[in-house]
Amino acid sequence: MRKELQTNLDVASKALDALRVALTNASDKELADLGGRLKGIAKASGDLRDGLGERVKKLLRNKEGEVVGDNFRAILTIVLSERIDTTALREKMPDVAARFTVEQKSTRLTFDPR
């Protein structure tokens with residue numbers, strides 16, 4: 001890996017480690033602000049990773065394989081899955097869909113600007 005990339009990754013990793021330690025002492029009021037700022041960092045990090053993934057897929061021509069680095073390897077695996085088309089089930093067999101539909105409770109926490 002090029003020195004410039006390694007240095008930038010090391011700096012980012014150390015900053016996240018320091019932030020993780022600092023978060024243990026965060027006040028209740030700081031939690032919302034920290035969550036909002038981390039939301040942006042997580043998005044940027046995810047975008048970077050997604051971009052790398054697209055480059056790997058293109059390099060492998062969307063076929064199974066791997067790209068090997070000095071420390072890690074990127075592995076592209078094709079996974080087939082099946083799912084029930086719930087929209088079609090509700091349209092064609094609403095009684096069956098209703099019998100097997102269960103309500104689940106989940107929580108969502110968002111961090112939005114004020």
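Just above, that's the structure.
Residues numbered from 1 in each chain as written. Predicted model: local features only at pLDDT ≥ 70, side-chain atom pairs only at ≥ 80, totals over all residues. Heavy atoms only, no water.

Draft legend 1. Structural context of the overall build of the protein. When helices and strands are tallied, the protein shows four helices and two strands. Each helix (α) and strand (β) of the protein, taken in turn from the N terminus, gives the series α-α-β-β-α-α. For the protein, whose C-alpha radius of gyration is 22 Å, the value lies well above the compact-globule estimate of 13 Å for 114 residues. Along the first, second and third principal axes, the C-alpha atoms of the protein reach 60 × 45 × 20 Å. On the protein, roughly 11,200 Å² of surface is accessible, and the fraction owed to carbon and sulfur atoms is 55%. Computing the positive centroid from 22 side-chain charges and the negative centroid from 18, the protein places the two 3 Å apart. (Helix = DSSP H or I, 4+ residues; strand = E, 2+ residues; numbered from the N terminus. Rg over C-alpha atoms; globule rule 2.2 N^0.38 Å. Areas by Shrake-Rupley, 256 points an atom, 1.4 Å probe, with all protein chains shown as cover. Lys, Arg positive; Asp, Glu negative; His and termini not counted. Charge placed at Lys NZ, Arg CZ, Asp CG, Glu CD.)

Draft legend 2. Representation of unusual backbone geometry. Residues other than glycine seldom take positive phi values, yet Arg61 does so here, at roughly 55 degrees. Of note in this structure, Asn62 is not a glycine but carries a positive phi near 55 degrees. As for its placement among the helices and strands, Asn62 is situated in the loop between helix H2 (28-59) and strand E1 (65-68).

Draft legend 3. View of the pattern of salt bridges. Enumeration according to the criterion identifies six salt bridges in this entry. The shortest N-O distance in the salt bridge between Arg2 and Glu4 comes to 3.8 Å. Salt-bridge contacts for Arg73 lead to Glu66; the nearest nitrogen and oxygen are separated by 3.0 Å. When its relative accessible area of 52% is taken as the criterion, Arg73 is described as exposed. (Salt bridge = Lys/Arg side-chain N within 4 Å of Asp/Glu carboxyl O. Buried < 20%, exposed > 50% of the residue type's maximum accessible area, 1.4 Å probe, protein only.)

Draft legend 4. Inspection of a nonpolar patch on the surface at higher detail. On the surface, a nonpolar cluster with roughly 300 Å² of combined accessible area is contributed by Met1, Leu5 and Leu9. Along the chain, Leu5 turns up in helix H1 (residues 3-23). Taking relative accessible area as the criterion, Leu5 reaches 38% and is therefore assigned partly exposed. (Patch = residues over 30% accessible without salt bridge, like charges linked within 9 Å, V, L, I, M, F, W, Y side chains within 5 Å.)

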